[in-house]
Amino acid sequence: MQQISNQRCFAGQQQVYQHASVSTRTAMRFSIYLPDQAREAHCPALFWLSGLTCTEENFTVKAGAQRMASQLGLIIIAPDTSPRGDIPDDPDAYDLGKGAGFYVDASEQPWQTHYQMHSYIAAELPALITQHFPVDSRRFGVFGHSMGGHGALIMHLRYPRLFKTVSAYAPIVAPSRVPWGQKVLSTYLGDNPAAWLEYDACELVGRQATSAHILIDQGDADEFLEQQLQPQRFIQACQSAGQSVQLRMQPGFDHSYYCIASFIDDHLQHHANALRIDA
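Residues numbered from 1 in each chain as written. Predicted model: local features only at pLDDT ≥ 70, side-chain atom pairs only at ≥ 80, totals over all residues. Heavy atoms only, no water.

### Considering helix α9 (residues 231-241)
No. 1: All of the buried residues in α9 are Pro 231, Phe 234, Ile 235, Ala 237 and Cys 238. Buried residues of α9 fall within an arc of 165° about the axis and therefore sit on the same side. Of the exposed residues in α9, those oriented more than 90 degrees away from the buried face are Gln 239 and Ser 240.
No. 2: Residues of α9 that are buried sit in contact with α4 (147-158), α7 (201-207), β8 (213-219), α8 (225-229) and β9 (244-250).
No. 3: One or two positions beyond α9, positive phi appears at Gly 242, with a value near 80°. (Buried < 20%, exposed > 50% of the residue type's maximum accessible area, 1.4 Å probe, protein only. Helix = DSSP H or I, 4+ residues; strand = E, 2+ residues; numbered from the N terminus. Arc of directions from axis to C-beta. Contact = heavy atoms within 4.5 Å.)

### Describing the environment of Ser 82
No. 1: With respect to the element layout, Ser 82 can be found in the loop between β5 (75-79) and α3 (117-132).
No. 2: A relative accessible area of 0% places Ser 82 in the buried class.
No. 3: Excluding its chain neighbours within four sequence positions, the residues that come into contact with Ser 82 are Met 28, Gly 97, Lys 98, Gly 99, Ala 100, Gly 101, Tyr 115 and Met 117.

### Regarding the pattern of salt bridges
No. 1: Under the counting rule described, the total for this entry stands at 11 salt bridges.
No. 2: Notably, a salt bridge pairs Asp 80 with Arg 84, separated by 2.8 Å at the nearest N-O pair.
No. 3: A relative accessible area of 5% places Asp 80 in the buried class.
No. 4: Taking relative accessible area as the criterion, Arg 84 reaches 28% and is therefore assigned partly exposed.
No. 5: Here Arg 138 and Asp 136 are joined by a salt bridge, their closest N and O atoms 3.0 Å apart. (Salt bridge = Lys/Arg side-chain N within 4 Å of Asp/Glu carboxyl O.)

Okay, structure coming up:
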């Protein structure tokens, strides 16, 4: 790995690294916040998954998570949202190609070779973090926003023993039924709805509920709420499956990082409490 940057931030270090990824066959970047507690002991770690068009930088500089993470002794890893470099892309679309990996493993060409973000997040990155940083791999959580909220939900529902806690902001909960998801899934996975369902949180929770309590924050002024997000679909699926979930509709908040920053302390406390960390 190559360290790109390292800054003091509250009681900890904010760092960015680059490494050669086996999954994506490209260089990948991630940011990591290391609270000072990590100098003395292995700490719980949260993986943040960002939304469309984002890189590892958006959450790192906009969410304001470091202050509470330093108090709680939480390590936070924020990877990029897709492979980069000289790879297939759709330069005319913000919701496909670079910046829009959607946390799936593409099976269609020309995307198949590099767009393997599901394997990267579910296997390669946690192993890399465990190898190089003082994390307690028994206490991993995952959270995210929009496309990354979709990613967080499916990562937890598919791998609850790895990602034991989960929360999301404005997640795409039923990608097989909304325009964003249908566009991406049909492109990356082909005309095979059965394959799409492997990345659909509503479908996954219906198969097997987990023991986690899922926290979701959703702004009621979000411009994507009705057409693309539709959180009530997930709430209904959770109720049918017996999955513990809380949807908090936040008055006046939109789809931006202002919403994320406003409730980031709640999300970090949510994970800390579930992972039995003393606040």
